[in-house]
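This is what each chain is made of:
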Amino acid sequence: MTDLDAITLREAYDNQLKAWAPDPLPAGVTVERDGPLVRILGLDHGGFLTYRDLGGLTGAALDALIARQVEFFRARGESVEWKLHGHDEPADLPDRLRAAGFVPQERETVVIGPVAPLAATLPVAPEGVRLREVTARADLERIVAMEEEVWGESRGHLADGLEKEIAADPQSITVVVAEAGETVVSAGWVRYVAGTGFATLWGGSTLAQWRRRGIYRALVGYRARLAAQRDRTLLQVDASEDSRPILQRLGLVPVATTTPYIYTP
């Protein structure tokens with residue numbers, strides 16, 4: 001694809017996904033606005049801040065907006081993620097966030113590509129592995145166990161969050177596990193973003209001993225077919241450095257970077 005394609009895809013991302021908020025809202029989740037910011041509360045892993053753009057705010061006015069978020073979440077005793085993109089303005093925004101106490105996490109790459117080519121290829125899992133759509137709490141807990149083994153940290157909030165999303169609107173999300181016998185070896189979910197042409201892919205963690213066997217690619221293809229069935233035309237992923245090369249080989253194009261900046265009271 002050409003640079004122009006990447007620019008066009010980024011514009012679609014900015015216009016349709018960048019200020020995303022859950023729709024419908026899961027139980028206990030609320031959305032507020034503070035100027036250009038969309039502030040999402042009630043998520044199981046803390047608050048979340050996003051925006052299409054910051055409306056030209058700079059200097060003291062921008063510092064005041066950031067300070068309000070710090071005070072808001074300090075009063076709640078809750079951490080919050082400011083989702084920063086590499087093309088956000090002004091250019092000194094990362095410095096201002098750090099000065100206010102936000103800590104940058106690992107950078108990811110936003111990749112986007114067409115659904116149709118991936119959906120046209122039958123996803124093939126390796127021998128002994130099957131892909132299955134799940135909704136039951138017991139299966140969500142098995143995903144948590146897998147994720148905790150992969151990452152070595154608590155992921156209990158994941159089951160709570162997915163369960164609430166499924167309950168709010170089972171047509172807006174599909175969770176897929178890759179199983180070998182009774183063991184969940186990988187899992188991913190796809191969100192069908194209301195009012196857009198996008199489906200977004202999440203998860204994809206895989207147990208170490210099951211990597212490099214094509215399981216992640218099979219999960220991507222399976223979810224692409226689900227997206228096609230719902231008339232979505234574009235797939236978007238916040239890709240880690242592990243998954244980005246795989247996704248690029250599958251035809252997705254890097255259009256931006258994104259870095260979570262976390263404030264913890």
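What you are looking at is a predicted structure, and each value in this text was computed from that prediction instead of being measured. Residue positions are counted from 1 within each chain, in the order its sequence is given. Only residues with pLDDT of 70 or above have their local features reported here, since the model is predicted, and side-chain atom pairs are shown and tallied only from 80 upward, although totals for entire chains, interfaces and linings are computed over all residues. Excluded from the side-chain calculations are hydrogens and water; all other atoms, namely the structure's heavy atoms, are used.

Enquirer: Got a minute to help me understand the environment of Y222 in this structure?
Expert: A run of H or I in DSSP becomes a helix once it reaches four residues, and a run of E becomes a strand once it reaches two; helices and strands are each numbered from the N terminus. With respect to the element layout, Y222 can be found in helix α7 (residues 215-229). Separated by 177 residues in sequence, Y222 and H45 have C-alpha atoms that sit 27 Å apart. Note on contacts: a residue pair is in contact if any heavy atoms of the two residues lie within 4.5 Å. With near-sequence residues (within four places) excluded, Y222 lies in contact with P123, L131, E133 and V176.

Enquirer: How do you make sense of the nonpolar core when you look at a structure like this?
Expert: A general feature of soluble globular proteins is that nonpolar side chains tend to end up buried together. Counting 45 residues, the largest nonpolar core has I143, V175, L235, V237 and L247 as the members making the most contacts within it. Among the elements that line this core, the one with the most residues is α7, at 8 residues. Setting aside chain neighbours within four positions, we find L247 in contact with V111, Y216, V220, V237, A239 and L252. Counting residues in hydrophobic clusters, the runner-up holds 18 residues, among them L41, I66, V80 and F102. Here, the term nonpolar core denotes a set of buried Ala, Val, Leu, Ile, Met, Phe, Trp, Tyr and Cys residues that are joined through side-chain atoms within 4.5 Å. Think of it in three bands: with a 1.4 Å probe and only protein chains considered, a residue is buried below 20% of the maximum accessible area for its type, exposed above 50%, and partly exposed in between.

Enquirer: When you look at the environment of A194 in this model, what are you seeing that I'm missing?
Expert: Residue position: A194 is located in the loop between β9 (183-192) and β10 (198-206). When the C-alpha atoms of A194 and I246 are compared, they prove to be 27 Å apart, with 52 residues separating the residues in sequence. Excluding anything up to four places from it in sequence, A194 contacts D23 and R232.

Enquirer: Can you help me understand helix α5 (residues 137-151) in this one?
Expert: An α-helical segment advances 3.6 residues per turn. Residues three or four places apart therefore align on the same side. Multiplying one less than the number of residues by 1.5 Å gives the expected span of a helix. An ideal rise of 1.5 Å per residue puts 21 Å on 15 residues; α5 measures up with 21 Å between its terminal C-alpha atoms. Every buried residue of α5 is listed here: D139, L140, I143, V144, M146 and E147. For α5, the arc enclosing every buried residue in end-on projection is 165°, short of the 170-degree limit, so these residues lie on one face. Looking at α5, the residues exposed on the side facing more than 90 degrees away from the buried face are A138 and E149. For α5, the secondary structure elements touched by its buried residues are β7 (130-134), α6 (156-168), β8 (173-180), β9 and β10. Directly beyond the C-terminal end of α5, a positive phi value near 65° is found at G152. Throughout, the arc means that of the directions going from the helix axis to the C-beta atoms.

Everything listed here is a matter of coordinates, which is why it stays silent on function.
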